[in-house]
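Chain residues, written in single-letter form:
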Amino acid sequence: MENSSPRYDRVQVTLHWLIAAIVFFMIGLGLYMVELPKKWELPPGEESVRAFYFLLHKSMGITVAMLMILRVVWRLTHKVPPMPDTIPKWQQRAATTVHAVFYIMLLAIPLTGYLQSMYSKFHTKFWGITLPRMAEADKLAREQFSEIHQFLAYLLVVLIVLHVAAAIKHHLSGSGIFDRMSFKR
Ligand code: HEM
Ligand code: HEM
C-alpha cells in the first residue's frame, strides 16, 4: 500500500545517501592520508602511496561538490516534506539549521580543499584530468586554506554525530522521521 505521509523524493533520498556514504569515506581517507610518510621520509627505493590517496581524495571531493550543486538546484526547484507537528518547534528549527549548515559546509569544504591544493606546488587532478592552475603556488595561502579545510571537516564530524543521534532518537520514538529519508515506498 502506498504510504501517504510526506517524504523526500527519490532524487533527494538518493543524493542524501550517496553523498553521506562518500563523505564518511572522505573523512576517513583524509585523516588516514595525512599520516602517510612523504617520499623523502621513506628509505631509498621505497615508493610512497601518499600521492595516490591524495589524488583519490581530491577527485572524490570534487565529485561531492558537483553532486552538491545538483542537490542544491534540485532542492530549490522541488518541494520538501513539511516537518511533522508532533516534533517540538525548537527541534524543527534546530534540524533546519543543521541541514542548512550541512549544505553550506559540503560546498565550503571541497572549495577550501581545492584552494589549498591550487596554492600547493602539486597539480590538482580530477580522475586523471589535470585542472588548470589559477594561481601560483603560495605556501602561506596553502597553509591557511589547509587549516580552514581541516577545521570545517572536524566541525562536520561534530554535526554528523548530532544529526545521526537525532535521527536515531526520532526513529526509536517512532516519529516516522527515518521513513521520510528512506527508499521504501
Ligand atoms: C547514518 C547516517 C545518517 C542518517 C541516519 C541520516 C538521516 C536523515 C534523515 C532521517 C533525514 C530527514 C530529516 C527530516 O525528515 O527532515 C536527513 C536529512 C538530511 N541529512 Fe541526513 N542522515 C545521515 C547522514 C547524513 C550525512 C553524513 C549528511 C551530510 C554530510 C547528512 C545531511 C543531511 C541533510 C542536509 C538533510 C536535509 C535534507 C533537506 O532537507 O534537503 N545526513 N538525514
Ligand atoms: C566533502 C569533501 C571533503 C571532505 C569531507 C574532506 C575532508 C578532509 C579531512 C578530514 C582531511 C584531514 C585533515 C587533517 O587532519 O589534516 C582532509 C585533508 C585534505 N584535503 Fe580534504 N576533504 C574534502 C574535499 C577535498 C577536496 C575537493 C580537495 C582538493 C581538491 C581536498 C584536499 C585535501 C588536502 C590536500 C588535504 C591534506 C591537507 C594537509 O596536507 O594538511 N579535500 N580533507
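This is a predicted model, so every value here is computed, not measured.

Caption draft 1: Structural view of the nonpolar core. Membership of the largest hydrophobic core is limited to 7 residues, which are Val 23, Met 26, Val 64, Met 68, Leu 106, Ile 109 and Leu 156. When contributions to this core are tallied by element, the ones reaching two or more residues are α1 (10-33), α2 (50-77) and α3 (89-118). Look past the residues within four positions of Leu 156 in its chain and what remains in contact with it is Met 105 and Ile 109. Within the second largest apolar cluster, 6 residues are counted, among which are Tyr 114, Leu 115, Tyr 119 and Phe 145.

Caption draft 2: A look at the site of ligand 1. In the vicinity of ligand 1 there are 19 residues, among which Ala 20, His 99, Phe 102, Ala 167 and Met 181 approach most closely. Going through the elements one at a time, α1, α3, α4 (139-172) and α5 (177-180) are the ones with two or more residues in the shell around ligand 1. Sort the elements by how many residues they give to the shell around ligand 1 and α3 lands first, with 5 residues. Here the residues of the shell around ligand 1 sort into 14 nonpolar, 3 polar and 2 charged.

Caption draft 3: Quick peek at α4. The end-to-end C-alpha distance of α4, which contains 34 residues, comes to 49 Å, matching closely the 50 Å that a straight helix rising 1.5 Å per residue would cover. Within α4, the full set of buried residues consists of Phe 145, His 149 and Leu 156. Buried residues belonging to α4 abut α3. Immediately downstream of α4, the backbone of Gly 174 shows phi near 70 degrees, a positive value.

Criteria and thresholds
Residues numbered from 1 in each chain as written. Chains lettered and ligands numbered in written order. Predicted model: local features only at pLDDT ≥ 70, side-chain atom pairs only at ≥ 80, totals over all residues. Core = buried A, V, L, I, M, F, W, Y, C linked by C-beta atoms within 7 Å. Buried ≥ 20, exposed ≤ 12 C-beta atoms within 10 Å, placed from the backbone. Helix = DSSP H or I, 4+ residues; strand = E, 2+ residues; numbered from the N terminus. Contact = placed C-beta atoms within 7 Å. Near = placed C-beta within 6 Å. Nonpolar A, V, L, I, M, F, W, Y, C, P; charged D, E, K, R; others polar. Expected span 1.5 Å × (residues − 1).

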